[in-house]
Amino acid sequence: QVQLVESGGGSVQAGGSLRLSCAASGSFFSVNTMGWDRQAPGKQRELVATMTSAGDTDYADSVKGRFTGSRDNAKNTVYLQMHSLKPEDTAVYYCYATVKSSRFTPWASYWGQGTQVTVSS
């Protein structure tokens, strides 16, 4: 089983910063892509950032230049540094990871419980 635990959400004024963390734990063979989704009330879930085990990152256009993702492969942990936050960034942010439970099982995706980010104007 794989558990993803997020931390670092909270409330901030527009223009402020927050840093999210997510650690993967449990029994697994390998972790490939990790990243962050978000979902605002009444809106579709949006992919925010992806980070491969090789260090490649990709971002949604809406956060490019403001959000920076990073990853510590040794700790199976990802981070999302968010600057210049806007009210439209308000959402529940979910960490995800693509994991192999064993050498012979297919890749499967797991999500954390989510952490609330609220940006006030």
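Coordinates for the structure precede this section.
Here goes a summary of the coordinates provided. (Residues numbered from 1 in each chain as written. Predicted model: local features only at pLDDT ≥ 70, side-chain atom pairs only at ≥ 80, totals over all residues. Heavy atoms only, no water.)

Our next topic: the nonpolar core. Core analysis: the largest hydrophobic core is formed by 30 residues, its most contacted members being Trp-36, Val-48, Phe-67, Leu-80, Met-82 and Tyr-93. Listed by contribution, the elements that provide at least two residues to this core are β1 (2-7), β3 (18-26), β4 (30-39), β5 (46-51), β8 (77-82), β9 (91-100) and β11 (115-120). Residue contributions to this core peak at five residues, all from β9. (Core = buried A, V, L, I, M, F, W, Y, C linked by side-chain atoms within 4.5 Å. Buried < 20%, exposed > 50% of the residue type's maximum accessible area, 1.4 Å probe, protein only. Helix = DSSP H or I, 4+ residues; strand = E, 2+ residues; numbered from the N terminus.)

Taken as a whole and assessed by the stated rule, the structure comprises five salt bridges. For Asp-37, the salt bridge is made with Arg-45, and the minimal N-O distance between the two is 3.7 Å. For Arg-38, the salt bridge is made with Glu-46, and the minimal N-O distance between the two is 2.8 Å. We classify Arg-38 as buried; its relative accessible area is 6%. By relative accessible area, which is 26% here, Glu-46 ends up partly exposed. Linked through salt bridges whose partners overlap, the residues forming this network are Arg-38, Glu-46, Arg-66 and Asp-89. (Salt bridge = Lys/Arg side-chain N within 4 Å of Asp/Glu carboxyl O.)

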